[in-house]
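Reading the structure
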Amino acid sequence: MNRGEFDYFRYEDCDLCGECLARCRYLALTPREAVEEMKRLVAGEPTRVVHRRCISCYACDVFCPHDCHPYELIIRAWHERYRERGLPVRASYLMPASHPNFRSDLVRTMAPWEQELIRTWKATPPEGELVLYPGCNALTLPHLLHGPHMDGIVVSGDFELCCGEMYFRMGLFDVVERVAERLTAYYRGRDIGTMLFACPAGLNLFRNVLPGQFGADFSFRTRYLGDYILEKVESGELGLKRELNRSVAVHDSCHGRVLGDEVTASTRKLYALMGLETREMVGDPADGLCCGMAAGCNRYRPEDMYLAAVKELRAAARTGAGELATYCGGCHLTLAMMRWLFPTRQPVRHLLEYLKEALGEDPYYPAPRRTLRMFANVVRKAFPKLASRRTYRIEIPSP
Ligand code: SF4
Ligand code: SF4
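The following refers to the structure shown.

Points about the overall build of the protein
- Looking only at helices and strands, the protein features 18 helices and ten strands.
- Taken along its principal axes, the extent of the C-alpha atoms in the protein is 60 × 45 × 45 Å.
- Put simply, the protein has 399 residues, and 60% of those count as buried.
- Accessible surface, the protein as shown: approximately 16600 Å² in total, 50% of it carbon and sulfur.
- Side-chain charges in the protein split into 53 positive and 50 negative, and the spacing between the mean points of these groups amounts to 8 Å.

A closer look at the site of ligand 2
- In the vicinity of ligand 2, 14 residues are found, and the nearest of them are Cys14, Cys17, Gly18, Cys20 and Cys64.
- When grouped by side-chain class, the residues that make up the shell around ligand 2 number ten nonpolar, two polar and two charged.

A few points about the packing of aromatic side chains
- Within the structure shown, the criterion is met by 23 aromatic pairs.
- Taken together, a centroid distance of 4.9 Å and an interplanar angle of 90° make the contact between tyrosine 186 and tyrosine 187 edge-to-face.
- For tyrosine 186, a relative accessible area of 29% puts it in the partly exposed group.
- Taking the centre distance of 6.0 Å and the plane angle of 75° together, the rings of tyrosine 187 and phenylalanine 206 count as edge-to-face. Here phenylalanine 206 lies in helix 10 (residues 200–214) and tyrosine 187 lies in helix 9 (residues 173–187), a separation of 19 residues in the sequence. One exposure class covers both tyrosine 187 and phenylalanine 206, and it is buried.
- Among the aromatic residues, those joined into a cluster by ring pairs are Phe6, Tyr8, Tyr58, Tyr71, Phe168, Phe173 and Phe214.
- Between arginine 349 and the ring centre of tyrosine 365, over which it is positioned, the NZ or CZ distance is 3.5 Å.

Describing the environment of alanine 249
- Relative to the helices and strands, alanine 249 resides in strand 6 (residues 247–250).
- It is 9.5 Å that separates the C-alpha atoms of alanine 249 and valine 348, two residues lying 99 residues apart in sequence.

Structural notes on unusual backbone geometry
- Between histidine 99 and proline 100 the backbone carries a cis peptide bond, its omega angle lying at -5°.
- Positionally, proline 100 belongs in the loop between strand 1 (87–88) and helix 6 (112–123).
- A positive phi angle, close to 85°, is found at tyrosine 58, a residue other than glycine.
- Phi at asparagine 245 takes a positive value of approximately 50°, unusual for a residue other than glycine.
- Along the chain, asparagine 245 turns up in the loop between helix 11 (225–235) and strand 6.
- Its relative accessible area of 61% is what places asparagine 245 among the exposed residues.

What counts and how
- Residues numbered from 1 in each chain as written.
- Chains lettered and ligands numbered in written order.
- Predicted model: local features only at pLDDT ≥ 70, side-chain atom pairs only at ≥ 80, totals over all residues.
- Heavy atoms only, no water.
- Helix = DSSP H or I, 4+ residues; strand = E, 2+ residues; numbered from the N terminus.
- Buried < 20%, exposed > 50% of the residue type's maximum accessible area, 1.4 Å probe, protein only.
- Areas by Shrake-Rupley, 256 points an atom, 1.4 Å probe, with all protein chains shown as cover.
- Lys, Arg positive; Asp, Glu negative; His and termini not counted.
- Charge placed at Lys NZ, Arg CZ, Asp CG, Glu CD.
- Near = heavy atom within 4 Å.
- Nonpolar A, V, L, I, M, F, W, Y, C, P; charged D, E, K, R; others polar.
- Phe/Tyr/Trp six-rings, centres within 6.5 Å; stacked < 30°, edge-to-face > 60°.
- Lys NZ or Arg CZ within 6 Å of the ring centre and 35° of its normal.

Here it is, written out as structure tokens:
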């Protein structure tokens, strides 16, 4: 592979220490093997292990001590594959650009008040001191963004306004570039002070990936909603009414790990303030496992996602906690769905579901039923295409 277009690896800063791959929880490489694999990757040669076993968890970027972006070097091979062959049609139902897709198909099955929220967010212009970008995961779980914690925040967005995260994780760099152009044009000239994100994936895309690697240009500040809420709770502006008194295994998201304390520390502080006893699966959040969603990015195969999710569900079960706590809507949906196939004793709950309960609302946990429908839709609409050899290319509409 030649260096050049969409090459984000910092060759000049890499000392081939191999730490990025040696620490990976999926490759199972010795430090020496990691160095050898890294040498092959940097030379643009086929690797023996990485391109076969990588599940696109993004953690190697966090492990690199010199910020060289080994992840982007690895998934560049998938970008080349896409350019040559396109995407298998079996993946099309899972792509945000498809209408309907596995998320948007769920809207008509939601409670009327949730559907009304989605309609309102679509019709609301993104203007104001505090605007929240809901992204496709929160749009699939609109109840998360309804309650006193959202007072004073303008929610604006729709399924059409994709942040490009799935395309980025699949190495579809030219598609992400189109997304960056589209979002730049959409937000140009809007009067937005701070854009809040409930989803760490959206935050990382808008703050780092789209401007840093794909030429997007946004004039607003960006902030994680959990960090904003923590400030409100600590200042007493948002009063918690209930102690939750439960134990939770803490799952971190891939983008949460990349963003660091703003996400990983603020969520833990919020859990603690709500009375939740947190049980860690790893000593350092960077070493945590993926929910399984990203594992479909390499071979586009559902069994890869299942196996990765089971690994995390098992790790959570080993903590002995009563529940499994997530803060990313994508992780939440994936783990809740996989529990139908690999039942565990720990229900999966979202940070904002805990918060709403702590603020005095009655518990409302739609993810189990919603993900059962999601699974049934995927079986009906995507599985019949598993054996197909047909491919296609993703079209992103003009701004
Ligand atoms: S993306 Fe994740 S699975 Fe792939 S090499 Fe990096 S750390 Fe390992
Ligand atoms: S990318 Fe970073 S961690 Fe990986 S070999 Fe290079 S310097 Fe070491």
